[in-house]
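Here's the letter readout for the chains.
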Amino acid sequence: MLKSIQLSFYITNGPKSQVFVGLGNFLFLLDDPAFHKAVSNTCVYALCSVFLQLPLSLGLAMLLNNNLVKGRAFFRFSFFSPHLVGQVFVAVLFSVIFIPKFGLFNRVLHYLFGVAVDTKWLGDPGLVMPALVLTSLWMYVGFNMIYFLAALQSVDHSLYEAAQVDGAGAFKQFLHVTLPGIRGVAVFVAVLSTIGSFQLFELPYVMLNNTSGPDNAGLTVVMYLYQNGFVSGDLGYASAIGWTLTFGV
């Protein structure tokens, strides 16, 4: 960490070639369009992680917390299992699913909604981010569901009984009993999802065939750090990107 702080004040070309520039790397970041694109993409992904993943995770948790649902243990494991295989495997899997003409995703959309089977999800700048978000939903919704499920099971059932006696319906019980009861876990999951979103690298990098996609549509902050530090060889600028991400988050 100390070495990376030192490097952030240098322009480097390999381990031996270093030129001191002071705050030059950080000032260059302010006008770097690629960095701005990376930040924008990462923020969009993070917002989707919080406002799409978490409600879906909570909904699944509430469904599987219901005693009327049969085979709950099976469904819990089924929804959680995509997280076990890791981002690289999921990226390879979905890069095949999103293939034009022959990919499963386009086939299903064509059958249900008439979407063209040659839609290039990973080749169209406007569709790259939706493809990444859909992939991450499949991978992380079940993971976050486990946290919410544990929180729901810890809520005192006598509170629901008291709310029913007071005439509270299902929505009011959710608003005044469930949400306060899981508030701590919900904040934890939201923070965890946000941090994880800003660390996004393997998923888009593998799905987009070791590139940032068309028009940098899949470029993330960590991917831009990797490109500068380990492809271009400027570890100084990469260090500046890393510390900007650290303090930004």
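Everything that follows concerns the structure shown earlier in this document.
Residues numbered from 1 in each chain as written. Predicted model: local features only at pLDDT ≥ 70, side-chain atom pairs only at ≥ 80, totals over all residues. Heavy atoms only, no water.

1. Section: the overall build of the chain
Note the threshold: Every helix listed is a DSSP run of H or I at least four residues long, and every strand listed is a run of E at least two residues long, numbered separately from the N terminus. Should any heavy atoms of two residues lie within 4.5 Å, those residues are counted as being in contact. Per-residue and other accessible areas follow the Shrake-Rupley method at a 1.4 Å probe size, with only the shown protein chains counted as cover for residues. The convention is simple: Lys and Arg are positive, Asp and Glu are negative, and His and the chain ends are not counted. To locate a charge, take NZ of a lysine, CZ of an arginine, CG of an aspartate or CD of a glutamate.
When you go through the chain residue by residue, the secondary structure sums to 13 helices and 2 strands. Judged by the C-alpha coordinates and their principal axes, the chain covers about 75 × 45 × 30 Å. For the chain, restricting intrachain contacts to residue pairs at least 6 apart in sequence, the fraction spanning at least 24 positions comes to 62%. As displayed, the chain offers around 13,800 Å² of accessible surface, 69% of which is attributable to carbon and sulfur atoms. If the 11 positive side-chain charges of the chain are averaged to one point and the 10 negative ones to another, these points end up 9 Å apart.

2. Some details on a nonpolar patch on the surface
Filter applied, for reference: Patch construction takes residues with relative accessible area above 30% that form no salt bridge. Like charges are linked within 9 Å, and nonpolar side chains (Val, Leu, Ile, Met, Phe, Trp, Tyr) are linked within 5 Å. For this document, the term salt bridge refers to a Lys or Arg side-chain nitrogen within 4 Å of an Asp or Glu carboxyl oxygen. Only protein chains enter the calculation, and the probe is 1.4 Å; a residue is then buried if its accessible area is under 20% of its type maximum, exposed if over 50%, and partly exposed in between.
A cluster of nonpolar residues, Phe77, Leu84, Val85, Phe89, Leu93 and Trp138, forms a patch on the protein surface that exposes about 590 Å² of accessible area. Here Trp138 shows up in helix H7 (residues 125-153). Residue Trp138 is classed as partly exposed on the basis of its relative accessible area of 38%.

3. A word on the side chain of Asn106
How we decide: Here a polar contact is taken to be a pair of N or O atoms separated by no more than 3.5 Å, where protein atoms must pair a possible hydrogen donor with a possible acceptor and residues adjacent in sequence count only if both atoms sit in side chains.
Structurally, the position occupied by Asn106 is in helix H6 (residues 104-113). Reaching out from Asn106, the side chain makes a polar contact with the side chain of Trp121 at a distance of 2.8 Å. When residues no more than four places from it in sequence are discounted, the contact partners of Asn106 are Ile97, Phe98, Ile99, Pro100, Lys101, Val115, Ala116, Val117, Asp118, Thr119 and Trp121.

4. Some remarks on the layout of surface pockets
What counts here: For each structure, a 1 Å grid was placed over the protein atoms alone; sets of points admitting a 1.4 Å probe that cannot get out are labelled cavities, open sets with protein on both sides within 12 Å along at least five of seven lines are labelled pockets, and lining residues have an atom within 4 Å of a point. Grid points are joined across faces, edges and corners, and a volume is the space filled by probe spheres set on the points. Polar here means any residue other than Ala, Val, Leu, Ile, Met, Phe, Trp, Tyr, Cys and Pro, which are nonpolar, and Asp, Glu, Lys and Arg, which are charged; Gly is therefore polar.
Reported here for the largest pocket is a volume of approximately 460 Å³. Lining the largest pocket are 15 residues, with Asn65, Asn66, His157, Tyr160 and Gln173 sitting closest to its centre. At the level of secondary structure, the elements contributing two or more residues to the lining of the largest pocket comprise H7, helix H8 (157-165) and helix H9 (170-181). Of the residues belonging to the lining of the largest pocket, the class tally is 5 nonpolar, 8 polar and 2 charged. Approximately 250 Å³ is the volume attributed to the second largest pocket.

5. So, the side chain of Asn25
Inspection of the secondary structure puts Asn25 in helix H2 (residues 24-30). Here Tyr10 takes part through its backbone oxygen, which lies 2.8 Å from a polar atom of the side chain of Asn25. Non-local contacts of Asn25, meaning those with residues more than four positions away in its chain, are made with Leu7, Ser8, Phe9, Tyr10, Ile11, Gly236, Tyr237 and Ala240.

6. Describing the nonpolar core
Formally: Here, the term nonpolar core denotes a set of buried Ala, Val, Leu, Ile, Met, Phe, Trp, Tyr and Cys residues that are joined through side-chain atoms within 4.5 Å.
Ranked by size, the top nonpolar core spans 40 residues in total, and within it Tyr45, Phe98, Phe148, Ile182, Leu203 and Met207 carry the most contacts. Elements supplying a minimum of two residues to this core: helix H3 (33-64), helix H5 (87-97), H7, H8 and helix H11 (202-207). Residues within four places of Phe148 in sequence aside, it is in contact with Leu54, Ser57, Leu58, Ala61, Ile182, Val185, Ala186 and Val189. Judged by nonpolar contacts, the second largest core, of 17 residues, contains Phe35, Phe198, Phe201 and Leu219.

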